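Next come the chains, spelled out residue by residue.
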Amino acid sequence: MAVRESLDVWLVPLASQSETVSVEETIIALLVLAAVVSVITKVLRLPYTVVLVLAGLVIGVTGALGDLRFSADLVFYVFLPVILFEAALNTPAAYLKRYWPVIALLATFGVLVSFALTTAGLRLLTDEPLAEIMLFAALIAATDPVSVVTLFRRLKADRRLTTVIDSESLFNDGTAAVVFAITLLVLREPGTVGIDDAVLRFLWMAGGGLAVGTAIGYVASRLHRLFDEQLLELMMTTIVAYGSFLVGEALGMSGPVACAAAGIVVGNVGRELGMSEGVKHAVTLFWEYAAFIVNSLVFLLIGAQMDLDAIGEAIGLVALGFAMVLVGRAAAVYSSAGIGRLLCPPLPGRWQHVLVWGGLRGTVALALALSVPADTPGQDRLVTLTFGVVLFSLLLQGLTMKPFAHAMGVGKSADAPAGWRARP
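Since we're looking at a predicted model, the values are computed, not measured. In this convention, every chain numbers its residues from 1, walking through the sequence in written order. Confidence filtering applies because this is a predicted model: local features only for residues at pLDDT of at least 70, side-chain atom pairs given and counted only at 80 or more, and all residues used for totals across whole chains, interfaces and linings. By convention in this description, side-chain values take in all heavy atoms of the structure and omit both hydrogens and water.

## Quick word on the overall build of the protein
Thought 1: The helix count covers DSSP runs of H or I at least four residues long, the strand count covers runs of E at least two residues long, and both are numbered beginning at the N terminus. The helix and strand inventory of the protein stands at 19 helices and 0 strands.
Thought 2: Here the protein holds 424 residues, and the buried ones make up 56% of them.
Thought 3: Here the contacts in the protein between residues at least 6 apart in sequence split such that 82% fall between residues at least 24 apart.
Thought 4: When the accessible surface of the protein is split by element, carbon and sulfur atoms take 67% of a total near 17,900 Å². Here's how the labels work: a residue is buried when its accessible area is under 20% of the maximum for its type, exposed when over 50%, partly exposed in between, all with a 1.4 Å probe on protein chains only. When checking whether two residues touch, look at their non-hydrogen atoms; a contact exists if any pair is within 4.5 Å. Accessible surface area values rest on a Shrake-Rupley calculation with a 1.4 Å probe, where residue burial reflects the displayed protein chains alone.

Structure below.
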C-alpha cells in the first residue's frame, strides 16, 4: 500500500484526475496513443510532434483520460534533463567549436534582444500591464529544445545547421529561465534587485551552470575509462544527466545549462575516449529511446492541457503576441549572425531564414508560465497567452517548417560530412 501511495504522489502530475482511470492506465494509454501517432505520421509524412499535440487536444476536449495536468516540476526535473542530455550527447564538438561565437550570441544576446523587443512591441500595441508583458516576454524568449531538436532531426538538414540550432536551443532555454527568474523577482519584490545585482545573478546562474556541468562531465568521462560494462556506464550517464541538473539548481545556478554542458563533454570526451564501441552503441540507443518517450509524453500533455475556450476569448492578444515573438526572433537571429560573422564562418542567408522560422516555442515556456505563483496579478491570463502562442507556434511553424526548409534548400542535405548518418 505504501509503495502504491508513493507512486501516485510521484506521478500525480501525469495522472488523470478521474476516479475511473488509474495512474498506470493513463500512462499506458498515452504510450499506446504515441505509438499509434508514430505509425500514422510515418504513413502520412506529417510532423510527429504536431500530430501529438493534435491528439492531445482531442484528449483534452473529450476528457477521455480525465483532467490531465501539465506540471512545471514534472517538465523541469523529470523530462527536461533527458531532452537536454540526449541532444547534448550527440552534439559534435568540431562544429560546435567552429560556430561557437554565433551560438553563444544566439543563446545570450539573442534571448535578451527577443525579450526587449517583445516587451516593447506589446507595450506599445496593447494596454496590458507592464509586469505581465515582461514576464511573458522573458518566458517566451527562448526556442524550445523539445520542439526544435525533434523537428530538425526529422528534416535531416545539414549537420552544421542542426549543430547551430541544437546547441542554441540547449543553452538559450537556460538563459531565458535566468532572465525569467530575475524578472519575476524584480516584479514581486520591487527595489530588492538593482541592475548590478541582476547582472551578477545572470553571470552566476549561466556561467556557474556552465562551469559545474563541464566539471561533472569531465569527471564522468574519466570514470568511463575505468570500466567496460554497458549497464554500469548507462547508469553513470543517467546520474550525470540528472546529477548535473540538480547540482546546478541546488547551487542557485542554471540546471539546464549545467546538464547541457555535461552532456556535450561526455558525448565528445567520455564517449570517444572512455567507451568501447559496444558501450557507445548502447548509450546512443538508450538516450534516443528515452528522449523519444519523453518527447511523446510532453507533446501529448501540451495538447491535453490547452484551454481552447480561453485561448479563443483572447485570440487577438494571442495573435499579436505570436507576431511580436516572431519579430523578436528575427531581430535576434539576424543581429547575432551579423556580429558572429566577424568571429566565425558566416551563416548563409538561407540558414538564417530557417533559424528564424524554426524557432518554435513549447515546453519550457509552458513550464515557466505554470511556475508563476498563483497570487501573481494576471497569472491566469499569462498562462492563457503563453499556451496560445505555443499552440500557434507548434501548428503554424511546425506544419510549414518542412516545406519552408526544402524551399530554402536546407532539407536532406547532400553536403553533409562523409560517413555521417542522420538520426531519426
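Having put the structure on the table, let's press on.
## A word on the side chain of Thr183
Thought 1: Residue placement: Thr183 occurs in helix α10 (residues 159-188).
Thought 2: Identification of polar contacts relies on pairs of N or O atoms within 3.5 Å, with a donor-acceptor requirement for protein atoms, meaning one able to donate a hydrogen and the other able to accept it, and with residues adjacent in sequence counted only if both atoms are side-chain atoms. There is a polar contact of 2.7 Å between the side chain of Thr183 and the backbone oxygen of Val179.
Thought 3: What Thr183 contacts, discounting residues up to four positions off in sequence, is Phe115, Met134, Leu135 and Ala138.

## Describing the confidence of the model for the protein
Thought 1: Per-residue pLDDT for the protein averages 82, and the proportion of residues at 70 or more is 87%.
Thought 2: Scored below 50 in pLDDT, residues 1-13 makes 12 contacts in the model with residues more than four places away or belonging to other chains.
Thought 3: Every residue gets a pLDDT, meaning the predictor's confidence in that residue, from 0 to 100. The model gives residues 15-19 a pLDDT under 50, and that stretch makes 15 contacts with residues more than four places away or in other chains.

## Some remarks on helix α4 (residues 72-89)
Thought 1: Here the expected span of a helix is defined as 1.5 Å times the quantity of residues minus one. When the terminal C-alpha atoms of α4 are compared, their 24 Å separation across 18 residues agrees well with the 26 Å that a helix rising 1.5 Å per residue should span.
Thought 2: Here the bend at a residue means the angle between the axes of two seven-residue stretches, the one that ends at it and the one that starts at it. Within α4, the axis deviates most sharply at Phe79, by approximately 45°, and proline Pro81 lies no more than four positions further along.
Thought 3: Summarising burial for α4: 16 of the 18 residues are buried, a large majority.

## Section: helix α8 (residues 130-139)
Residues that lie three or four places apart on an α-helix share one face, since the helix turns once every 3.6 residues.
Thought 1: Burial of α8 is extensive: 7 of the 10 residues sit out of reach of the surface.
Thought 2: All of the buried residues in α8 are Glu132, Ile133, Leu135, Phe136, Ala137, Ala138 and Leu139.
Thought 3: Where α8 is buried, its residues meet α7 (109-125), α10, α16 (315-340), α18 (363-370) and α19 (379-407).

## Structural notes on a nonpolar patch on the surface
Thought 1: Here the term patch refers to residues with relative accessible area over 30% and no salt bridge, with like charges joined within 9 Å and nonpolar side chains (Val, Leu, Ile, Met, Phe, Trp, Tyr) within 5 Å. Should a side-chain nitrogen of Lys or Arg be within 4 Å of a carboxyl oxygen of Asp or Glu, the pair is scored as a salt bridge. A surface patch of nonpolar side chains, about 780 Å² in accessible area, is lined by Ile28, Leu31, Val32, Val36, Val39, Ile40, Val43, Leu44 and Leu46.
Thought 2: As for its position among the elements, Val43 is in helix α2 (residues 23-44).
Thought 3: Residue class for Val43 comes out exposed when judged on its relative accessible area of 62%.

## Focus: the packing of helix α3 (residues 48-62) against α19
Thought 1: Where α3 meets α19, the axes come as close as 10 Å, and the angle between the chain directions of the two elements is 140°. One way to sum up the angle between α3 and α19 is to call them oblique. Along this stretch, α3 crosses α19, giving a crossing that reads as left-handed. For the pair α3 and α19, the contacting residues are Val50, Val53, Leu54 and Leu57 in the first and Leu391, Leu394, Leu395, Gly398 and Leu399 in the second. Every angle, taken between N-to-C directions, lies between 0 and 180 degrees, and every axis is a line fitted to C-alpha atoms, over only the stretch in contact when it is a helix. For classification purposes, angles smaller than 35 degrees are called roughly parallel, those larger than 145 roughly antiparallel, those between 65 and 115 roughly perpendicular, and all remaining angles oblique. Helix crossings get a hand from a simple test, with the near helix turned counterclockwise from the far one by less than a right angle marking a left-handed crossing and a clockwise turn marking a right-handed one.

## Considerations on the environment of Leu89
Thought 1: Note that Leu89 resides in helix α4.
Thought 2: Each C-alpha atom, one on Leu89 and one on Ala241, is 9.9 Å from the other, the two residues being 152 residues apart in sequence.

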